[in-house]
Amino acid sequence: MPQSLLRYTNILSIVGDLIRVHVPNLAEGNAQANYGDLALIEQDGQTYSMAQIIKIDHEEVSLQVFAGTKGLSTGASVCFLGQPMKTTYSPNILGRIFNGAGEPIDGGPALEQDPRVEIDGPSVNPVRRVLASRMVRTNVPMIDVFNTLVESQKIPIFSVAGEPYNRFLARIAIQAEADVVVFGGMGLIFDDYHFFRTTFEEAGVSARTIMFTNLASDPTVERLLTPDMALAVAEHFAVEESKKVLVLLTDMTSYADAMKEIGVAMDKIPANRGYMGDLYSQLARRYEKACDYKGAGSVTILAVTTMPGNDVTHPVPDNTGYITEGQFYLHEGHLDPFGSLSRLKQMVQGKETREDHPAIMNAMIRFYSDSVNAAQKQAMAFELSSYDLKTIKFGKLFKRRFMSLDAAMSLEQALDKCWETMAECFGPEETLMKQSLLEKYWPNPEQLSSTESDSQRAEEASEAAAEA
């Protein structure tokens with residue numbers, strides 16, 4: 001009998017979205033059941049759902065049911081397909097929206113005839129990787145100036161529930177200089193899904209965007225497939241078409257919670273706070289897909305990681321910090337300049353970017369740190385020096401011009417704005433910067449006067465709009 005016609009009906013248990021089926025003589029190779037392969041579940045003579053093999057124990061095979069197990073009985077049958085999970089990859093998927101199982105949900109044309117590629121493959125051979133040396137421009141000053149994003153970098157956005165991290169991620173998708181943007185949403189509420197979809201459409205970037213979305217109401221199993229599909233597509237665009245690909249994922253904590261739920265259903269022994277012991281390796285396996293390919297394109301990963309209770313020692317952000325090359329810390333509606341860090345920024349600052357970039361970055365952060373200290377002194381009614389008053393003024397300008405999530409300007413515009421902001425508050429000698437840079441970039445009095453007038457008018461208009 002052809003292997004594809006074999007049906008196994010001895011279902012031992014149904015727990016959550018998992019089923020266990022008895023496969024006789026499995027060790028003798030009579031069934032084409034391999035870890036990670038797909039299976040077809042049928043009930044009452046009708047196709048019920050696809051499933052994936054996640055565990056083989058002697059003659060027991062555990063499968064994740066993509067459509068969930070609601071309404072599934074132990075009288076169903078299982079047929080092993082002998083091939084791993086695949087997703088559609090072709091130029092036709094640009095602008096399309098898929099669910100967590102890789103099926104189009106945007107009402108567009110079917111893609112059955114398009115080629116498909118395996119997901120969840122191995123990471124790239126380190127020999128084929130290129131040392132990161134090119135900047136990914138986002139036109140977000142807190143990133144481009146102070147924590148530069150570099151091609152092939154993997155970096156999380158640490159935040160908490162209630163912060164506008166999804167709005168921030170959408171802005172990066174719209175503004176970033178990338179050939180292809182692959183978005184993966186895990187456990188999204190419908191409002192967030194609708195926000196991303198409409199935002200991309202209204203900004204006119206849908207043609208370069210591919211969306212894989214798993215809603216909170218969708219099966220948990222699909223949540224585990226979403227990042228693998230997004231990364232598999234990103235890899236093929238980078239390798240086969242030499243594209244500069246940016247992968248945006250939200251939320252990796254939701255992904256880890258799905259792994260925990262599946263692990264509990266499989267009777268795995270939990271490690272820290274209920275998460276499985278392989279949490280680190282599972283996260284690393286996805287993040288390590290970030291790569292600058294030799295002789296081809298690149299994959300850069302930016303992923304939201306929410307911290308329950310704002311606890312950075314929570315297992316998900318804690319393990320993530322050991323894998324990634326820094327983090328962006330979104331706190332109180334701003335990217336925190338102290339909590340954020342890009343460990344690869346020195347690879348491009350002053351080399352691919354303007355010569356004054358490293359110096360202006362350090363000076364701005366130093367002045368802002370002094371402004372925070374001065375504000376604390378002011379709050380405790382200590383006497384303030386003239387320098388303290390200058391730094392307090394600087395801190396207000398810095399927050400409004402650079403830390404606001406609505407701030408959008410090119411790197412060169414942001415660097416010029418940094419010089420102008422310092423010149424409004426300090427003298428050249430207080431910056432402790434090289435004389436050659438001061439002579440070249442320090443604004444002249446006429447330019448500074450014009451800038452201050454424009455800035456004052458803009459601030460008055462902003463305050464009036466806020467009051468209205």
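Residues numbered from 1 in each chain as written. Predicted model: local features only at pLDDT ≥ 70, side-chain atom pairs only at ≥ 80, totals over all residues. Heavy atoms only, no water.

1. Quick look at the packing of helix α8 (residues 357-379) against helix α9 (residues 386-403)
- Packing of α8 against α9 leaves a shortest axis separation of 7 Å and a crossing angle of 115°. As α8 packs across α9, the resulting crossing turns out to be left-handed. Contacts between α8 and α9 pair Met 364, Phe 367, Tyr 368, Asp 370, Ser 371, Ala 374, Ala 375, Lys 377 and Gln 378 from the former with Tyr 387, Asp 388, Thr 391, Ile 392, Phe 394, Gly 395, Phe 398, Lys 399, Phe 402 and Met 403 from the latter. (Axes fitted to C-alpha atoms, helices over the stretch in contact; angles between N-to-C directions. Helix = DSSP H or I, 4+ residues; strand = E, 2+ residues; numbered from the N terminus. Left-handed = near helix turned anticlockwise from the far one by under 90°. Contact = heavy atoms within 4.5 Å.)

2. Remarks on the state of the cysteines
- Under the counting rule described, the total for this entry stands at zero disulfides.
- As a non-bridged cysteine, Cys 425 has Cys 418 as the owner of its nearest cysteine sulfur, 12 Å distant. (Disulfide = S-S within 2.5 Å.)

3. Describing the packing of α9 against helix α10 (residues 411-425)
- At a closest axis distance of 9 Å, the pairing of α9 and α10 adopts a crossing angle of 155°. If you check the angle between α9 and α10, you find them roughly antiparallel. The two elements α9 and α10 meet at a crossing, and its hand is right-handed. For the pair formed by α9 and α10, the contact residues are Lys 390, Lys 393, Phe 394, Leu 397, Arg 401 and Phe 402 on the first element and Ala 414, Lys 417, Cys 418, Thr 421, Met 422, Glu 424 and Cys 425 on the second. (Parallel < 35°, antiparallel > 145°, perpendicular 65-115°, else oblique.)

4. Here's the deal with the pattern of salt bridges
- Under the criterion given, the structure shown has 23 salt bridges.
- Its salt-bridge partner being Lys 440, residue Glu 355 comes within 2.7 Å of it at the nearest N-O pair. In this pair, Glu 355 sits in the loop between β18 (341-342) and α8 while Lys 440 sits in helix α11 (residues 435-441), placing the two residues 85 residues apart along the sequence.
- Residue Lys 440 is classed as exposed on the basis of its relative accessible area, which comes to 55%.
- For Glu 424, the salt bridge identified is with Arg 401, shortest N-O distance 3.1 Å. Linking Glu 424 in helix α10 with Arg 401 in helix α9, this pair joins segments that are 23 residues apart in sequence. The same class applies to Glu 424 and to Arg 401, which are both buried.
- One network of salt bridges, in which partners are shared, links Asp 120, Asp 228, Arg 285 and Arg 286. (Salt bridge = Lys/Arg side-chain N within 4 Å of Asp/Glu carboxyl O. Buried < 20%, exposed > 50% of the residue type's maximum accessible area, 1.4 Å probe, protein only.)

5. Looking at the nonpolar core
- One finds Phe 146, Leu 248, Met 364, Phe 394, Phe 398, Trp 419 and Met 422 to be the most contacted residues of the largest nonpolar core, which totals 66 residues.
- With eight residues, α10 is the single largest residue contributor to this core.
- When near neighbours in sequence (up to four residues on either side) are disregarded, Phe 394 contacts Met 364, Phe 367, Tyr 368, Thr 421, Met 422, Cys 425 and Phe 426.
- One finds Leu 224, Phe 237, Ala 238 and Val 299 within the second-largest nonpolar core, a separate group that totals 51 residues. (Core = buried A, V, L, I, M, F, W, Y, C linked by side-chain atoms within 4.5 Å.)

6. Describing α10
- With 15 residues, α10 extends 22 Å between its outermost C-alpha atoms, agreeing within 8% with the 21 Å of an ideal straight helix rising 1.5 Å per residue.
- Most of α10 is tucked away: 11 of the 15 residues are buried.
- Every buried residue of α10 is accounted for by Leu 411, Ala 414, Leu 415, Cys 418, Trp 419, Glu 420, Thr 421, Met 422, Ala 423, Glu 424 and Cys 425. (Expected span 1.5 Å × (residues − 1).)

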